[in-house]
Amino acid sequence: MAERARVLIDCNDERGLVYRISKVFYDYGLNIDSNREFVDKEAGKFFMRTVVTGSFDERRLQEDLAEIVPQGANVRVITPRRKKIVLMATKESHALGDILIRHADGELEADIEAVIANRDVLQGLVERFDIPFVYIPADGLSREEHEAKVAEELEKYDLDVIVLAKYMRILTPEFVERYPGKILNIHHSFLPAFIGANPYKQAYERGVKIIGATAHFVTDDLDEGPIIAQDVIPVNHRFDWRDMQRAGRDVEKVVLSRALNLVLNDRVFIHGNKTIVF
């Protein structure tokens, strides 16, 4: 029975890479279903995502590919599977609700293990989808104390991705370091121009004509991690700040779900502080 795998390779660029990689697939008798590649000429880096089908041993294929690419290459042979994700939220429901609905409709190649929140406002919403809701209040705790409780809960799951669905707490570097390249976040794209509790009101007062959202991996630099997906929508003088806020929430939830799907389907390479997305 034919198996399918996603082969992800990033390494220093050199001549003949595509030929050598393709020859390994040919020697294994594999069929190439799709292939995308990119070379960052300034950095001299090569990126390739290939989907193959056929009969193969995953570990051996990975080892054979590693032998014919430059030293230090990152080679991954991934058998598609439903990944395990945990959502983290506070009070806003739009991003969380959109992911829950997509999950219920079978749009996500993932299982939601739990929703962790520092407020209990969204418990009723989450439980309607038969997803465990874990309330970990932060009142009276330091960031480190609260994160220790969150991390203790996360350790119960063999998770692949953590999604901050409008989780309104700043994570410490120590927490982020536990899950490198695994935490996704969404924020409005007014940063760094409009900072504070009501950026949409600030944008309205400045007469902004487009609003947008950015989904990115979380790093120690607040809201400055590698960007996965972005989008914008037009607004005009007929929008008051509340209209802008509603429109902004719409684009936020769409962009976050788009970024999550890209990550779940192994389409994202982290390259320094940016991404290569196939």
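Definitions and cut-offs
Residues numbered from 1 in each chain as written. Predicted model: local features only at pLDDT ≥ 70, side-chain atom pairs only at ≥ 80, totals over all residues. Heavy atoms only, no water. Helix = DSSP H or I, 4+ residues; strand = E, 2+ residues; numbered from the N terminus. Polar contact = N/O pair within 3.5 Å; in protein donor to acceptor, adjacent residues only side chain to side chain. Contact = heavy atoms within 4.5 Å. Buried < 20%, exposed > 50% of the residue type's maximum accessible area, 1.4 Å probe, protein only. Pairing = 2+ DSSP bridges. 1 Å grid on protein atoms, 1.4 Å probe; cavity = no way out; pocket = protein on both sides within 12 Å on 5 of 7 lines; lining within 4 Å. Points joined across faces, edges and corners; volume = space filled by probe spheres on them. Axes fitted to C-alpha atoms, helices over the stretch in contact; angles between N-to-C directions. Parallel < 35°, antiparallel > 145°, perpendicular 65-115°, else oblique. Left-handed = near helix turned anticlockwise from the far one by under 90°. Nonpolar A, V, L, I, M, F, W, Y, C, P; charged D, E, K, R; others polar.

1. With respect to the side chain of N265
- With respect to the secondary-structure elements, N265 resides in the loop between α8 (241–264) and β12 (268–271).
- Separated by 2.8 Å, the side chain of N265 and the backbone oxygen of N261 make a polar contact.
- Leave out the neighbours within four places in its chain, and N265 touches R6, R49 and E109.

2. Describing the pairing of strand β10 (residues 210–217)
- For β10, a buried count of 7 out of 8 residues is recorded, marking the element as mostly surrounded by other parts of the structure.
- Where β10 meets strand β11 (residues 227–234), 7 bridges bridge the pair, whose relative direction is antiparallel. Across the sheet, residue A213 finds its bridge partner in β11, namely D231.

3. A short note on the layout of surface pockets
- The computed volume of the second largest pocket comes to approximately 420 Å³.
- Residue assignment for the lining of the second largest pocket shows that the elements contributing at least two residues are β1 (3–12), β4 (74–78), α8 and β12.

4. Overview of the packing of helix α3 (residues 94–104) against α8
- Running from amino to carboxyl end, α3 crosses α8 at an angle of 45 degrees, the nearest separation of the two axes being 9 Å. As far as their axial angle goes, α8 and α3 are oblique. The handedness of the crossing between α3 and α8 is right-handed. Only R249, E252, K253, L256, S257 and L260 of α8 make contact with α3, whose side of the interface consists of H94, A95, D98, I99 and R102.
- Of the residues assigned to the contact of α3 with α8, the class counts are 4 nonpolar, 2 polar and 5 charged.

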